[in-house]
Amino acid sequence: MPKLCKFTSPADGKPVYVNAERVAVVYQFKGEPADTIIGFGKDFLLGVKESVDEVVAALERAASDKAD
């Protein structure tokens, strides 16, 4: 079963779950307010409240848990 990472939706504060194996890119959009964006493939983007560093750390933890 894939490892899911829990993040927070910036729109309503509800949890969103991300399959770490499907993430292609993580970046910060420098708008107002700045948003962290998780990209899946080339067509789907998801904004989350957490910082880029928090997102990358969570995804790396999930990847290392799967390697064990």
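Structural notes, computed from the coordinates. Here the structure is a predicted model, which is why all the values come from computation and not from measurement.

## Notes on the overall build of the chain
Line of reasoning, step 1. Secondary structure summary: the chain contains one helix and five strands in total.
Line of reasoning, step 2. Taken from the N to the C terminus, the helices and strands of the chain come in the order β-β-β-β-β-α.
Line of reasoning, step 3. Computed over its C-alpha atoms, the radius of gyration of the chain comes to 12 Å, within 12% of the 11 Å expected for a compact globule of 68 residues.
Line of reasoning, step 4. Seen through its principal axes, the chain has C-alpha atoms that stretch 40 × 25 × 20 Å.
Line of reasoning, step 5. The proportion of buried residues among the 68 residues of the chain is 29%.
Line of reasoning, step 6. Across the chain, the fraction of contacts at a sequence separation of at least 24, relative to all contacts at a separation of at least 6, is 33%.
Line of reasoning, step 7. Accessible surface computed for the chain: about 4,900 Å², of which carbon and sulfur atoms make up 53%.
Line of reasoning, step 8. Measuring between centres, the 9 positive side-chain charges of the chain sit 5 Å from its 11 negative side-chain charges.

## Considering the packing of aromatic side chains
Centre-to-centre distance and the angle between the planes together describe a pair of aromatic rings.
Line of reasoning, step 1. Overall, the coordinates contain one aromatic pair when judged by the stated rule.
Line of reasoning, step 2. Taking 5.5 Å as the distance between ring centres and 45° as the angle between the ring planes, the aromatic pair formed by phenylalanine 40 and phenylalanine 44 counts as tilted.

## What to know about the nonpolar core
Line of reasoning, step 1. Within the largest apolar cluster, 13 residues are counted, with the highest numbers of intra-cluster contacts made by Cys5, Phe7, Ile38 and Val48.
Line of reasoning, step 2. Of all the secondary-structure elements, those providing two or more residues to this core are strand 1 (4-8), strand 2 (15-19), strand 4 (35-40), strand 5 (44-48) and helix 1 (52-67).
Line of reasoning, step 3. Per-element accounting of this core gives the leading share, four residues, to helix 1.
Line of reasoning, step 4. Aside from chain neighbours lying at most four places away, what touches isoleucine 38 is Phe7, Val18, Val23, Val25, Phe44, Leu45, Leu46, Val48 and Val55.

## Comments concerning the sheet that holds strand 3 (residues 25-29)
Line of reasoning, step 1. The antiparallel open sheet is built from three strands, whose spatial order is 3-4-5. Two strands lie at the open edges of the sheet, namely strand 3 and strand 5, each paired on one side alone. Neighbour to neighbour, the strand axes of the sheet diverge by 30° on average, direction disregarded.
Line of reasoning, step 2. Both strand 3 and strand 4 contribute to a ladder of five bridges, which runs antiparallel. Looking at strand 4, one finds that glutamine 28 is bridged to threonine 36.

## Some thoughts on the side chain of serine 9
Line of reasoning, step 1. Residue placement: serine 9 occurs in the loop between strand 1 and strand 2.
Line of reasoning, step 2. Of the polar contacts made by the side chain of serine 9, one reaches the backbone nitrogen of alanine 11; its length is 3.3 Å.

About the thresholds
Residues numbered from 1 in each chain as written. Predicted model: local features only at pLDDT ≥ 70, side-chain atom pairs only at ≥ 80, totals over all residues. Heavy atoms only, no water. Helix = DSSP H or I, 4+ residues; strand = E, 2+ residues; numbered from the N terminus. Rg over C-alpha atoms; globule rule 2.2 N^0.38 Å. Buried < 20%, exposed > 50% of the residue type's maximum accessible area, 1.4 Å probe, protein only. Contact = heavy atoms within 4.5 Å. Areas by Shrake-Rupley, 256 points an atom, 1.4 Å probe, with all protein chains shown as cover. Lys, Arg positive; Asp, Glu negative; His and termini not counted. Charge placed at Lys NZ, Arg CZ, Asp CG, Glu CD. Phe/Tyr/Trp six-rings, centres within 6.5 Å; stacked < 30°, edge-to-face > 60°. Core = buried A, V, L, I, M, F, W, Y, C linked by side-chain atoms within 4.5 Å. Pairing = 2+ DSSP bridges. Axes fitted to C-alpha atoms, helices over the stretch in contact; angles between N-to-C directions. Polar contact = N/O pair within 3.5 Å; in protein donor to acceptor, adjacent residues only side chain to side chain.

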